[in-house]
Amino acid sequence: MIPPTQDSKHSKMKQESCSHIANNIFRVLLLFCVRTMAKTTVARAAAVDIRVGIILDMDDYIGEMGLSCIKMALENFYDENRHYKTRLVLNVRNSKKDVVGAAAAALDLLKNVEVQAIIGPMYSTQTNFLIALGHKAQVPIITFSATSPSLSSIRSPYFIRATLDDSSQVLAIGALIQAFGWREVVVMYEDNEFGEGIMPNLSDALEQVNARISYRSVIPSLATEDQILEELYKLMSQQTRVFIVHMRYTLGSRLFTTAKQLGMMSEDYTWIVTDGMVNELNSMDPSVTELMLGVIGVRPCILRTKELGNFIIKYKKKFRHDNITAALSPNLNIFGLWAHDSAIALAMAAEKALLTNATFEKVNVSRNSTDLEAFGVSNDGPKLIQALSTTTFRGFAGKFQLADGKLQSPPYEIVNVVGPGVRVVGYWTKKYGIVRELNFTDAGTKTYSTSKSNLGSVIWPGDKMYPSKGWVIPTSGKKLKVGVPFKIGFTEFVRVTWNPDNSSTVEGYCIDVFDAVMAALPYGVPYEYVPFSTSDHKRAGTYNDLTYQVNLGNYDAVAGDVTILANRSQYVDFTLPYMASGVSMVVPIKEDKSKNAWVFIKPLTWELWLASFCSFVFIGVLIWILEHRINEDFRGPPWHQVGMIFWFAFSTMVFAHKERVISNLSRFVLIIWFLVVLILTQSYTASLTSMLTVQQLQPAIKDVTVLLDNKDYVGYMKGSFVYGLLRKMNFDESRLVAFNSAEEMDQLLSEGSGNGGIAAAFHEIPYLKLFLSNYSKYIMVDPTYKADGFGFVFPIGSPLVRDVSRSILNITESTKMAEIERKWLGDRANCKDQSSLDSPRSLGLRSFWGLFSIVGIVGISAFTIYVMMFLLEHWHVIQRSDPDSTIWSKIAELLGRFNKRDLTCHTFKNMKLVDDKYSGCGGNSMNRSMYPSLQTYQQSPSNFSLASRGSNCPPSPIFSSPEENNLNFQGEHGSTSVENDIFSSPAEQSKKSSHTGLGSSMEHGTINPPLEVSQINKQEFELPRQDEYGQTINNTLICS
């Protein structure tokens, strides 16, 4: 035996030590687990069990997925909330895809288990009865997959929809329809509670965007292939190519497989699916998803969080563990998330309600009662439903918050099926509509929008990048039957000619317009004209009858001179009008040869006449004031001056005045005044000329009331709606006469109402203008009764209406319409109507108040300047401090000075008095000589005359020398102004001569030498002047 070495001993001791440490660690872990289990057991023992029923279809993957999510949710929830005093205990029942099975499961849970809440059932068809049971037992019924909006009509406080009902997506679908401009859709849905529930809300949403449901395709849930084929063939024969599909994926996958086989997944079709299919696309066979290339749809928006990602991973692991033999692992969809959030909400509500005695109260029932009456009422049901209604948290499917017992609508994703998957191309929100990116913090977009530009690139059926127009001509290939009216008169609009082979040729203005409009469409539409006539080629009815044929389906459209009326629009659709219209009347023209003797007054209103007269007087007075002191033409006796004021003012009206104005202020005023007078006279002349011209042609009858009062006969076009209009205007039926053509209309008007004819003819304006272009002895008279014009007729909801209306706009804006009008209707510019012959209105003050305002401002300004200058010149009179002078005496003196000539004016400088040596005459004063200047004797009639030019005034001398105002002759009695003596009357001069001692004579242009004042008492100076005939006349100047 070999003894152990030292190394072997050391190794053995090391192994023993490691083993001892491992044993200690194991003991610690075991002790921790035991204590933890003990605490958990104690917590569980202390917690109150809340019995919850689960009713799901275990044969459907949604049932399995829902149950797994509920169990995982509760397991994770209670692991994180060990302190909770309540625990949900699940009691699972299988409904077996049957309404009765779901009801039986609920009865069992309520009667035998006495559950406090039920999660389920899966389908809307199973939920109605369970809601009634829950309401009676006061047990909350919580569904995470029944989405029919009709369930909300059952007003039960114990029904909780922990999912979104189908009505929350209809606005998003309507926004898509509006974005691409489709006006008609076909809705395909399952024939059950789930499919029918969305229809009222979807119809309302489409109506809000001016779209309509043209056809409802109802397919049974268990439809055979033949039933699906029959329905799709029916859709192919219709015009509409926009389909909204609302069904589960089990039926939807079969539908799209068959549609692909029939070629209905091509570029002419548009498919929109609701979230009933979009939510389950990831559970469909990928081969079916690939057939759905180009389909668009909507689904609730789910935020991808880290917690959700972890939960999805755990769910897949659990599914593989529980289903080892399963070939595929279904992806988790939104129904599983709603099931998860439902369980969490119920667990939180149970804890919040503090359920401690979850029992039922038994009810007294008779022996003959059924199971429906045998279960009791939950004591804690009201508290639990109240807690559940106020529970709020952030779940995997979004924010869990109930309002009216259901979740609030989140934003919706707009998805496009591409290959085996889907691609998000946009979003829809209640506030902003269609948006490209979902950004909850973006405040830049402030308005609701349904613009397709907010969407990303969409792949459409047929692998195209553009959507279909939404409709096509039916595959039957029949031509559109376009009805046209058959008429005798006014064939320029529509003319039907019958050929020997009984075929017809249709032409006319309306027909050419219809041809041009249809040719301008972006696609070809085959059509043929069918006259609205009997077999013997006569009129088949009125225009109302013709339009109603479209509603009956006998015609696909009507092209002709059909007026757009409200009563017709109740059963047909009209395009935009291609010709304006209205109803008026035509009457004979009466020549008014009588002339009004006072017609010359009519061009101006009395206000303008009065304003003009006052303005003339104002200008006359103003010019007299400005010229009175410096112009001899505005001086003289008072009555002469008054006459001069009016003569001068009114002579400016015809520019016949001869008086010369001197003041610059006067000239400035007259410049403005002449401009005003010129405008007034020219306007008056033009208005008077127009009145005299128009009064020669007047209508014989000017108003409809005259026809009614006189009970005259009136005419209308046979078959026209004008007959009904005349009856509404209270015309007696016996007074209405129908005509068929323009020639017959002319004959009736020529005969007159008293001779078997008519006094007026009522018709639509386009016809009347055509009539007046050929008959000039008539005139169109107001009033005009409005109509919307001529339009083309189509069935209600026809997709052609929008495209044809747009084509009409293009044609009317081009020269094509004018060419067609000239071809058939000629030149209608010479048509007379009452508006062209109405007497012009009198000119009023409103048209000229600006001119009068300018004249007033200029005149007042000139007057103000003149008064200021006059007062400044005589300011010494105003400042006089004489105690005897009063305000009235100063005013009187100023007026006296105003009445005298202004000798400082240049108009009085043609004569001078020269003072060389002497400052005065008489007494002991210095000898003074007075020499008239040489210019004094070189006078013309303008300097000295018997009377002022243009007046009848007596002769008066004119002196204009600055020295004259200061020249005084001094004598023993003081000083006397030459100015005062010169312009004194002869009697005053004689009186003054007795007190003067200085005299001098001027004869024949000579002046005697100066005389000594001391030697004489009086001297006369004779001042020579010439009269208007060139003879010399002496004036005597007396100085004293």
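Residues numbered from 1 in each chain as written. Predicted model: local features only at pLDDT ≥ 70, side-chain atom pairs only at ≥ 80, totals over all residues. Heavy atoms only, no water.

Caption draft 1: Just the overall build of the protein, in detail. Within the protein, the secondary structure is distributed over 32 helices and 40 strands. For the protein, the residues scored as buried account for 48% of the 1040 residues in total. If you take every contact in the protein between residues at least 6 apart in sequence, the share linking residues at least 24 apart comes to 70%. In the form shown here, the protein has an accessible surface area of approximately 52,000 Å², with 55% of it arising from carbon and sulfur atoms. (Helix = DSSP H or I, 4+ residues; strand = E, 2+ residues; numbered from the N terminus. Buried < 20%, exposed > 50% of the residue type's maximum accessible area, 1.4 Å probe, protein only. Contact = heavy atoms within 4.5 Å. Areas by Shrake-Rupley, 256 points an atom, 1.4 Å probe, with all protein chains shown as cover.)

Caption draft 2: Structural context of the pattern of salt bridges. By the definition in use, this model includes 19 salt bridges. Note that aspartate 380 is salt-bridged to lysine 383, the shortest N-O span being 3.7 Å. By relative accessible area, which is 8% here, aspartate 380 ends up buried. The closest approach of N and O atoms between aspartate 803 and arginine 802, which form a salt bridge, is 3.9 Å. (Salt bridge = Lys/Arg side-chain N within 4 Å of Asp/Glu carboxyl O.)

Caption draft 3: Local environment of the sheet that holds strand 18 (residues 421-429). With mixed pairing, 8 strands are arranged side by side in an open sheet as 7-6-8-9-10-17-18-19. A strand with exactly one partner marks an edge of an open sheet, and here the two such strands are strand 7 (212-219) and strand 19 (433-435). In this sheet, adjacent strand axes meet at a mean angle of 30° when their direction is disregarded. With 2 bridges joining them, strand 9 (residues 270-273) and strand 10 (residues 296-300) adopt parallel strand pairing. Bridge pairing links isoleucine 272 to isoleucine 296 in strand 10. Lying over the sheet, helix 5 (residues 170-179) contacts strand 6 (184-190), strand 8 (242-246), strand 9, strand 10, strand 17 (412-418), strand 18 and strand 19, oriented at roughly 150° with respect to strand 10. Taken strand by strand, helix 9 (residues 249-261) contacts strand 6, strand 7, strand 8 and strand 9, and its axis lies near 175° from that of strand 9. (Pairing = 2+ DSSP bridges. Axes fitted to C-alpha atoms, helices over the stretch in contact; angles between N-to-C directions.)

Caption draft 4: Representation of the confidence of the model for the protein in the model. For the protein, the mean per-residue pLDDT works out to 78, and 77% of the residues sit at or above 70. Within the model, pLDDT remains below 50 along residues 911-1040, and this stretch shows 261 contacts once partners closer than five positions in the same chain are excluded. (pLDDT = per-residue confidence, 0-100.)

Caption draft 5: Broad picture of the environment of aspartate 275. In this fold, aspartate 275 is placed in helix 10 (residues 275-278). Owing to a relative accessible area of 4%, aspartate 275 belongs among the buried residues under this scheme. Distance from aspartate 275 to histidine 246, taken between C-alpha atoms, is 8.0 Å for residues 29 residues apart in sequence. Setting aside residues no more than four positions away along its own chain, aspartate 275 makes contact with Asp166, Gln169, Val298, Arg299, Pro300 and Tyr412.

Caption draft 6: Representation of the side chain of serine 468. Tracing the chain through its elements places serine 468 in the loop between strand 19 and strand 20 (480-485). Its relative accessible area of 11% is what places serine 468 among the buried residues. Serine 468 has contacts with Trp182, Glu267, Asp268, Tyr269 and Thr270, leaving out every residue within four places of it along the chain.

Caption draft 7: Fine view of empty space enclosed by the protein. Under the defined criterion, the tally for this structure stands at 6 cavities of 30 Å³ or more. Put simply, the second largest cavity is a space of about 100 Å³. If you go around the second largest cavity, you meet 13 residues; those closest to its centre are Tyr543, Asp561, Ser720, Glu764 and Tyr767. (1 Å grid on protein atoms, 1.4 Å probe; cavity = no way out; pocket = protein on both sides within 12 Å on 5 of 7 lines; lining within 4 Å. Points joined across faces, edges and corners; volume = space filled by probe spheres on them.)

Caption draft 8: Looking closely at the nonpolar core. Counting 122 residues, the largest nonpolar core has Met188, Met264 and Trp271 as the members making the most contacts within it. Among all residues touching tryptophan 271, those that are not within four sequence positions of it are Met188, Phe243, Val245, Phe256, Ala259, Met264, Met265, Val295, Ile296 and Pro461. Counting 68 residues, the second-largest nonpolar core is a separate cluster that includes Val558, Phe739, Phe771 and Leu825. (Core = buried A, V, L, I, M, F, W, Y, C linked by side-chain atoms within 4.5 Å.)

Caption draft 9: Structural context of the side chain of aspartate 561. Turning to its location among the elements, aspartate 561 is positioned in the loop between strand 24 (557-558) and strand 25 (573-574). Among the polar contacts made by the side chain of aspartate 561, one reaches the side chain of lysine 487 at a distance of 2.3 Å. A polar contact of 2.2 Å, which involves the side chain of aspartate 561, links it to the side chain of tyrosine 767. Ignoring sequence-local partners within four residues, the contact set of aspartate 561 consists of Pro485, Lys487, Phe493, Val494, Cys510, Tyr543, Tyr578, Tyr767 and Phe790. (Polar contact = N/O pair within 3.5 Å; in protein donor to acceptor, adjacent residues only side chain to side chain.)

Caption draft 10: Quick peek at the pairing of strand 10. When you tally the buried positions in strand 10, you get 5 out of 5 residues, the bulk of the element. The alternating pattern of strand 10 places Ile296, Val298 and Pro300 on one face and Gly297 and Arg299 on the opposite face, and all of these are buried. As paired strands, strand 10 and strand 17 are joined by 5 bridges and run antiparallel to one another. Across the sheet, residue glycine 297 finds its bridge partner in strand 17, namely valine 415.

Caption draft 11: Expanded view of helix 2 (residues 61-80). Taking 1.5 Å per residue, 20 residues should reach 28 Å; helix 2 reaches 28 Å between its end C-alpha atoms and fits that length. Counting buried residues along helix 2, 14 of its 20 residues qualify, which places the element largely inside the surrounding structure. Of the residues that open helix 2, the one with a side-chain oxygen 2.9 Å from the backbone nitrogen of isoleucine 62 is aspartate 60. (Expected span 1.5 Å × (residues − 1).)

Caption draft 12: Structural view of the packing of aromatic side chains. Counted under the stated rule, the structure contains 39 aromatic pairs. Taking 5.9 Å as the distance between ring centres and 75° as the angle between the ring planes, the aromatic pair formed by tryptophan 609 and tyrosine 684 counts as edge-to-face. A residue pair is termed long-range when its members are at least 10 positions apart, and tryptophan 609 in helix 18 (residues 606-627) and tyrosine 684 in helix 20 (residues 664-694) qualify at 75 residues. Lying across the ring of tyrosine 713, arginine 735 places its NZ or CZ 4.6 Å from the centre. (Phe/Tyr/Trp six-rings, centres within 6.5 Å; stacked < 30°, edge-to-face > 60°. Lys NZ or Arg CZ within 6 Å of the ring centre and 35° of its normal.)

Caption draft 13: Structural context of a nonpolar patch on the surface. On the surface, a nonpolar cluster with roughly 410 Å² of combined accessible area is contributed by Trp598, Phe600, Ile601 and Trp609. Tracing the sequence through the fold places phenylalanine 600 in the loop between strand 26 (579-591) and helix 18. Given the relative accessible area of 38%, phenylalanine 600 is considered partly exposed. (Patch = residues over 30% accessible without salt bridge, like charges linked within 9 Å, V, L, I, M, F, W, Y side chains within 5 Å.)

Caption draft 14: View of the packing of helix 2 against helix 12 (residues 306-322). Axis separation between helix 2 and helix 12 bottoms out at 11 Å; the angle between their running directions is 120°. The orientation of helix 2 relative to helix 12 falls into the category oblique. Of the two possible hands of crossing, helix 2 and helix 12 adopt the one that is right-handed. Judged by residue contacts, Glu64, Met65, Ser68, Cys69, Met72 and Asn76 of helix 2 engage Phe311, Lys314, Tyr315, Lys318 and Phe319 from helix 12. Here the contact of helix 2 with helix 12 is composed, by residue class, of 6 nonpolar, 2 polar and 3 charged. (Parallel < 35°, antiparallel > 145°, perpendicular 65-115°, else oblique. Left-handed = near helix turned anticlockwise from the far one by under 90°. Nonpolar A, V, L, I, M, F, W, Y, C, P; charged D, E, K, R; others polar.)

Caption draft 15: View of the pairing of strand 30 (residues 760-764). Of all 5 residues in strand 30, 5 are buried, a share of seventy percent or more. For strand 28 (residues 714-717) and strand 30, the ladder comprises 3 bridges, and the chain directions are parallel. Opposite glycine 715, over in strand 30, you have alanine 761 as the bridge partner.

Caption draft 16: Looking closely at unusual backbone geometry. Of note, the amide linkage connecting glycine 120 to proline 121 takes the cis form, showing an omega dihedral of 0°. In this fold, proline 121 is placed in the loop between strand 3 (117-119) and helix 4 (124-137). The backbone phi angle of asparagine 210 is positive, close to 60°, even though this residue is not glycine. Mapped onto the secondary structure, asparagine 210 falls in the loop between helix 7 (199-208) and strand 7. On the accessibility criterion, asparagine 210 (59% relative accessible area) is exposed. If you check the backbone angles, asparagine 502 has positive phi at about 70° while not being a glycine. Positionally, asparagine 502 belongs in the loop between strand 21 (495-498) and strand 22 (504-507).

Caption draft 17: How the structure looks around helix 13 (residues 334-353). Compared with the 28 Å implied by 1.5 Å per residue over 20 residues, the 28 Å span of helix 13 between its first and last C-alpha is a close match. Counting buried positions along helix 13 yields 18 of 20 residues, so the element is predominantly enclosed. The N-terminus of helix 13 is capped by asparagine 333, whose side-chain oxygen sits 3.0 Å from the backbone nitrogen of phenylalanine 335. Two residues or fewer after helix 13 comes leucine 354, characterised by a positive phi angle close to 55°.

Caption draft 18: Structural view of the environment of glutamine 208. With respect to the helices, strands and loops of the structure, glutamine 208 is situated in helix 7. According to the relative accessible area criterion, glutamine 208 is exposed, its value standing at 60%. Sequence separation between glutamine 208 and leucine 171 is 37 residues; the distance between their C-alpha atoms is 9.2 Å.

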